Every structure is written in C-alpha cells, then in structure tokens.
Amino acid sequence: MNLTLALIGNPNCGKTTLFNQLTGSNQHVGNFPGVTVDKKEGSVRSHPGVTVVDLPGIYSLSPYTSEEVVSRDFLLHEHPAGVINIVDATTLERNLYLTLQLLELRIPTVLALNMMDEVRENGGTIDVAAMEQELGIPVVPISASRGEGVEELCARAVRAAQEKQLPRRIDFCAGDVHRAIHSISHLIEQKAELAGVPVRFAASKLAEGDSLMADTLGLTQNERQLLALVVEEMENSHGMDCEAAMADMRYTFIEGLCAKTVVRPGDTKEQRRSVEIDKLLTHKIWAIPVFVGIMLTVFFLTFGVIGPFLNSIMEALLSVISAGLAGALRDLGINPTLQSLVLDGAFAGVSSVLSFLPTIVTLFFFLSLLEDSGYMARVAFVTDRLLRRIGLSGRSFVPLLIGFGCSVPAIMATRTLASERDRKMTIRLTPFMSCSAKLPIYSVFTLAFFPEHRALVMMALYFGGMFVGVLYGLLLKRTVFSGSPIPFVMELPAYRLPSPKSVLLHMWEKAKDFLIKAFTIIFLASLVVWVLQSFDFGFNPVSDSGQSMLASIGRTLAPVFIPLGFSDWRAATALVTGLSAKEAVVSTLSVLLGAGEGAELTLLLQQLFTPLQATSFLVFTLLYMPCVAAMAAVKRELGGWRAALSLMVQQTAVAWVMALLVYQLGRVLGLG
C-alpha cells in the first residue's frame, strides 16, 4: 500500500503537532518544486506505506500568497489519495471556510476537530454525527497535543483514501450566487474536465474573479466576456463584489451548520486567559521591555546556569575520548604525522565545536517553548510598529526570527512576503540576525574574557546585531527601498502549553543539523587547516606553523584587521575559514593554537587577544558576511551573483566599520 495524504488547515490550528504525532521522527523537510516554501513529509508510524505531506497553513485556496498557490497546486496536480483537514474546534466558524473549498475538490477528505479537550473543559459540545451528516465526510474529534483520537483519525483517513470515499455533493449556495455558480458550471464543464479540475471548484473560483483559474481552463475571449457578465449580474443582485458574495454564501452555510451541531458556552478558558495575559505582553509600553526581560532570562539560564554545567560534562567526555584515541593510535604504532592529523587536526577541530552542542540544544529548547506557547506570534504583532519605521511590516518578523536559527531557511522564508519590495529588503537584513552557528564563537570568547557576565554579553551581541540591522534598514528605506510596506494582519492564537513531543523533535532537528555539520564541513575544514598549517608551499613539514602556507595566507590578510585591534594571522585565517561555516572559526583557532579541551582553548585565546581585542573580534564575527550556503540562497532569491556579491561587500564593510568604532572608542576610554 502506497498512499499520500495531504494535511491541511489554518495557521495555529495544531497542524504541526498532529503531523509530529502521525510521523514521529520519520519525517524530512525539503521544498515544493519550483518554490522555496517548506515541504514537510513523513511516513505514518502505524501505517507503513502511507505518507503525510504537511501543506502550509492557509485560510483559503485563493491564489494570493505563495502558500495558497503551493497548497492549491499540490491538491489539484499531485492528486493525493486523501486529505486530512484539521480545524480548531474552538473557532469552527473561521476554520470551516477552508473546509467548504476542500469539499469542492472531490478528494476523499476527513475532518479532524482538534482541541476538543478545550471545548469539553469549557462546557461546550459538538454533535459529531450530525456534522458528518451535514458535510458528507468523516468527522473525528481529536486532541493532537494529548494524542487523543489520532489513531482513529489516521485509520479513517486511510480507509477513506483506499475506498475512494468522495465527499457527498452538497449544494450549499442559494439565490443569486446559486444561479451564478450553476451558469458558470454549464459554461466551463467540458474545459474543466479536460483540465482535470473539478467543475464546482473551478466555477466557484471563477465566480470569485480568479484569473488564474481562467488561464488554467484556457477560456477564450468570448467565454471570458460571458463569465464577466454572469459575475456582474451576481454582484448587482447581491449588492456586493464577487469575493464578498462568495464569502457571504459560505459563511451563511457555516453559521447554519454550527447552529445545528455546536453548543458553545462562550470564550474558552484558554481564550479568556490569553486576553488577560495579552494586557501585559502586547501592551503598547510594556510589551518590548517584557520581551527583553524574557530573552535576558533565556540567555541567563542558557549561558549562565544550564549551558556551562552541560558543557563541562561534554568536555570531560571528549577529553576521555581524546585520551583513549591517542593511546590507541600509539599502541597501533601509527606514524606520528598521521597521529597529529587525527588528534590535532580532525578531532581537535570537531571536538572544539561539539563541546558547545549542549548550549545550542538548551537555547533552542527555550525558543521552542516560546514559539509553541503562542508568544512569538505576539512578538511579531508588537514589532510591527517598530519594523514599519524601517520600512517593513510585522510579517517580516518571521524570516528575521528564523535567521536566529539559520540564515538559509530564513532567506528562503521571505518567499511568503507578498510585496517584492519587502522581500528584497528583508533578505538584506536577515544576515544581521545572529545565526546559531555563531554560538560556539560567542560561547568560547565570553567564557575566556567575560565569564562573570556571559548572559549580558550574549544579549548585547544578539541585540547589537538587531540594532545594526535597524540602522541598515533605515539607510535602505531612504535610498533604494523608498515607499511603504504592505499592511500586516495576523491571528493571535490562544496561549497553550507546548507539546513535549513537539519541543523534543525541534531540539533533535537542531542537534542533528549541528552534528551533520560538525562531521562534514567542520571535519573537512579542520583537516584542510591542519594541512595548510603543517606544510609550506613546497609541502615540506614545518616545525613552526608561522612558516606554513596558512601563515603566509593569513599574513596577507592580517593588515586589513590592524585598525580593528587583531592583526595576528591566526585570527584572520579563522575568519576566512568561517565562510564555509561559522563554527569553523572555533575549530580553526583550536587547531592553530594546538588546543585540546575547551578550558585549554580559553587559556590560549587569552594569550592571543586582550578583552578589548576580543570584543572587536566578536563584533566583526557577528556582522560580517554569512557562510557560503547563505550567500547561495541570497543569489537564488535575488536573481544572481551580482546582487549576492554586493550584499557580501556591504555587510562586511558594515562589520569592519562597527568593529573599528568599538575598538577605537575602547582605546579612547582607556579600555585597551
């Protein structure tokens, strides 16, 4: 049995939680063909051979955003065997709007009523059998966060797909809209069948004024004129434009359906609680200070309490492995040069990065809690007013937030922005958000030079990147990106306790990405650095790394950094290797300094930098051009290497100027 099920629903309806419940860790993330919108799919654990594709969260199948286009194209052209439509049972009226459009596609569909636990706890009820009868599809009550009803949902979806249980035809239109849709259906019937598009769905979209559907069906000019007359007559009779008339028709049916099947006591406990909490968290004065306080707490716990404790355990483990590996190589009589390659090159480079894995996982644990609880949606809402001052809307907050994890998916996520101006501007600002790959650099430098104030320094680096991004955005707004951003509308979900499974999966994904990078890019970079620092250009072994190929390359670049306070060739070399992956900065310094465990590396860094020089180095690392993978993403999104190279030069220039200001100001103040 090989079946593909599409999982679709509104944003914040619990779709990701349900997807994780269905697939567990049997999932992978890619992109939909031709667009950089996330495509998550996975194998259903309880049904081998069944694949679930997690479509983007949308409110309708109108082709206005890239998510809507992707979802619609997938359903129309990829022909999934079935659809699982998940809805928030606490806000059924809004969620069922998408459901009615899905029914018109004539695909086996199962409706999942999520968050039924909240409905029950607040005294509400839903007559599931009556709703099944009214909609003509299976309806299953579930609680995705608790795993309730998920197995039954999966079983009924698979059965519906296997038996090709099509939704019962429901003619839920009436009056003028009814006449318009049926007139259009007769007009396009043959062309819709030739195009493989359900007639009712095509007619409804044409009645809404959907020009993309007209192109898909290949309507002639005469047919388009007839269509325009039908739509115009509907608008005149109904007294509103075509989109409003279609929306009114659907909501009239939904109101009648809910009146028959739903008993609602009013706002749920979660919604009432959310309103009270939002009085503080979205307050026009206190929202930003509260956000800063929350993030400071996260950084304090990550870098001041939990991170150091877990890091010490990891370092001890790596030290034991290093000693065991060294002993094994000696016992086997391995050549000393090869021993050095393995221990001082590969293992030293990889272990210097791996020692900070617990810190990264801890940080993403807290960020996952904030995101899954619904708080990050509030931050997007609150920052809309601030982002508008630099020419963006709150919608740009999502890619910028993703940038704190990794610049590559953040740059790709700008595809969701409706305005081309906003998209290009957001791409240019995203690299200023400090990605997680820089965490090992910050961790080792703050441990070496600012051990008593690690959380504050980390906070200053993250907010410093945001501050410089704001300044750069103001410059762009006044020059190449003049104009106003598009309006920003978003739904604030009720606050909910995060699903432990969802949080753990998020942490595992980040840890897995980090481990893959450590044992591929960092491993290879460490080997290359070891070879370059162990041999001269004639490939003769050198006893002093200062005579090596790497030293020659580093000395060529070092003068550029003299005004910034760090002119040692090893620092310059580490910045260059950081272009492959930012973690390589730490692994390169570890190899070049001959460091073993993390504690030894911090002592050697104290000999290479003063605190002021270290601060300048951190500022430059924070702001200079991102890794090669991120620049490749910029090239794809902006349409060529010219734009990408321009961004590389501009961002590195900004980094150089800001590091110069920090170092020279520090010297004036007598801090150097």
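Residues numbered from 1 in each chain as written. Predicted model: local features only at pLDDT ≥ 70, side-chain atom pairs only at ≥ 80, totals over all residues. Heavy atoms only, no water.

This part is about the overall build of the chain. When helices and strands are counted, the chain shows 29 helices and nine strands. Over its C-alpha trace the chain gives a radius of gyration of 29 Å, about what one expects of a compact globule, namely 26 Å for 672 residues. Taken over the C-alpha atoms alone, the chain extends approximately 90 × 55 × 50 Å along its principal axes. Counting every position in the chain, which comprises 672 residues, the buried fraction comes to 54%. Sequence-distant contacts, at least 24 apart, represent 73% of the contacts inside the chain between residues at least 6 apart. When the accessible surface of the chain is totalled, it reaches about 28,700 Å², and 62% of it is carbon and sulfur. (Helix = DSSP H or I, 4+ residues; strand = E, 2+ residues; numbered from the N terminus. Rg over C-alpha atoms; globule rule 2.2 N^0.38 Å. Buried < 20%, exposed > 50% of the residue type's maximum accessible area, 1.4 Å probe, protein only. Contact = heavy atoms within 4.5 Å. Areas by Shrake-Rupley, 256 points an atom, 1.4 Å probe, with all protein chains shown as cover.)

Attention now moves to the packing of helix α28 (residues 628–638) against helix α29 (residues 641–668). Where α28 contacts α29, the axes come no closer than 7 Å and their chain directions differ by 130°. Looking at the two axes, α28 sits oblique to α29. In the packing of α28 onto α29, the handedness of the crossing is right-handed. Contacts between α28 and α29 involve M631, A632, V634, K635 and L638 from the first element and W641, A643, A644, L647 and M648 from the second. Taken together, the residues of the contact of α28 with α29 sort by class into nine nonpolar, no polar and one charged. (Axes fitted to C-alpha atoms, helices over the stretch in contact; angles between N-to-C directions. Parallel < 35°, antiparallel > 145°, perpendicular 65-115°, else oblique. Left-handed = near helix turned anticlockwise from the far one by under 90°. Nonpolar A, V, L, I, M, F, W, Y, C, P; charged D, E, K, R; others polar.)

On to the packing of helix α20 (residues 439–449) against helix α25 (residues 584–593). Axis separation between α20 and α25 bottoms out at 7 Å; the angle between their running directions is 50°. When the axes of α20 and α25 are compared, the pair comes out oblique. Where α20 approaches α25, its residues P440, I441, V444 and F445 are matched on the opposing element by V585, V586 and L589. When its residues are assigned to classes, the contact of α20 with α25 shows seven nonpolar, no polar and no charged.

For the structure shown, the criterion picks out 16 aromatic pairs. Ring centres of F445 and F609 lie 5.4 Å apart, and the angle between their planes is 65°; this geometry places the pair in the edge-to-face category. Of this pair, F445 sits in helix α20 while F609 is found in the loop between α26 (598–608) and α27 (611–623), placing the two residues 164 residues apart along the sequence. As far as the burial class goes, F445 and F609 line up, both buried. Taken together, the aromatic side chains of F445, F449, F450, F561, F566, F609, F617, F620 and Y624 make up a single cluster linked through ring pairs. Cation over ring: R250 sits above Y97, and NZ or CZ is 5.4 Å from the ring centre. (Phe/Tyr/Trp six-rings, centres within 6.5 Å; stacked < 30°, edge-to-face > 60°. Lys NZ or Arg CZ within 6 Å of the ring centre and 35° of its normal.)

Using the criterion set out here, one finds 17 salt bridges in the structure. Between E208 and K205 there is a salt bridge, with its nearest N and O atoms 3.1 Å apart. For the residue pair E208 and K205, the accessibility class agrees, reading buried in each case. A cluster of three or more residues bridged by salt bridges with shared partners is formed by D117, R120, E121, R146 and E148. (Salt bridge = Lys/Arg side-chain N within 4 Å of Asp/Glu carboxyl O.)

This brings us to the environment of N540. Along the chain, N540 turns up in the loop between α22 (500–534) and α23 (549–557). Taking the C-alpha atoms as reference points, N540 and A112, 428 residues apart in sequence, are found 69 Å from one another. Look past the residues within four positions of N540 in its chain and what remains in contact with it is S534 and F535.

A word on unusual backbone geometry. At H79, a position not held by glycine, the phi torsion is positive, near 50°. One can find H79 in the loop between α2 (66–77) and β5 (82–88). A positive phi angle, near 65°, is found at M115, a position not held by glycine. Considering the arrangement of structural elements, one finds M115 in the loop between β6 (109–114) and α4 (116–121).

With that settled, consider a nonpolar patch on the surface. On the surface, a cluster of nonpolar side chains totalling about 350 Å² of accessible area is made up of F537, I553, L557 and V576. Using a relative accessible area of 31% as the deciding quantity, one classes L557 as partly exposed. (Patch = residues over 30% accessible without salt bridge, like charges linked within 9 Å, V, L, I, M, F, W, Y side chains within 5 Å.)

On to α27, then. Over its 13 residues, α27 extends 19 Å from the first C-alpha to the last, a length consistent with the 18 Å expected when each residue adds 1.5 Å. The buried count for α27 comes to 11 of 13 residues, which makes it a mostly enclosed element. Residues of α27 that are buried include every one of L612, Q613, A614, S616, F617, L618, V619, F620, T621, L622 and L623, and no others. (Expected span 1.5 Å × (residues − 1).)

Once that is clear, we can look at α25. Burial of α25 is extensive: 10 of the 10 residues sit out of reach of the surface. Of the positions making up α25, those classed as buried are A584, V585, V586, S587, T588, L589, S590, V591, L592 and L593. After α25 finishes, the residue G594 shows a positive phi value of roughly 65°.

This part is about the side chain of R454. Mapping R454 onto the fold places it in helix α21 (residues 454–478). Excluding residues that lie within four positions of it along the chain, R454 makes contacts with F303, P308, S443, T446 and L447.

So, on to the nonpolar core. Where a protein is soluble and globular, its nonpolar side chains tend to be buried together. Core analysis: the largest hydrophobic core is formed by 104 residues, its most contacted members being F299, F445, F566, L605, F609 and F620. It is α21 that provides the largest number of residues to this core, a total of nine residues. Sequence-distant contacts of F609, that is, excluding residues within four places in its chain, are made with F445, F449, F566, A571, A614 and F617. One finds L96, L98, A202 and A203 within the second-largest nonpolar core, a separate group that totals 63 residues. (Core = buried A, V, L, I, M, F, W, Y, C linked by side-chain atoms within 4.5 Å.)

Going through the model one piece at a time under the given rule, you end up with zero disulfides. C258 supplies the cysteine sulfur nearest to C13, a cysteine that is in no disulfide, at a spacing of 16 Å. Classification of C258 as buried rests on a relative accessible area of 6%. (Disulfide = S-S within 2.5 Å.)

What follows concerns the environment of W508. Inspection of the secondary structure puts W508 in helix α22. Here W508 falls in the partly exposed class, since its relative accessible area comes to 44%.

Looking now at the side chain of T109. Its place among the elements puts T109 in strand β6. Reaching out from T109, the side chain makes a polar contact with the backbone oxygen of I107 at a distance of 2.7 Å. (Polar contact = N/O pair within 3.5 Å; in protein donor to acceptor, adjacent residues only side chain to side chain.)

A word on the pairing of strand β4 (residues 50–54). The element β4 is extensively covered by neighbouring structure, given that four of its five residues are classed as buried. Bridging between strand β1 (residues 3–9) and β4 involves five bridges; their strand directions are parallel. Looking at β4, one finds that L3 is bridged to V50. (Pairing = 2+ DSSP bridges.)

Moving on: the confidence of the model for the chain. Taken over all residues, the pLDDT of the chain has a mean of 84, while the share at 70 or more is 92%. pLDDT under 50 marks residues 30–36. Its contacts with residues more than four places away, or in other chains, come to 23 contacts. (pLDDT = per-residue confidence, 0-100.)

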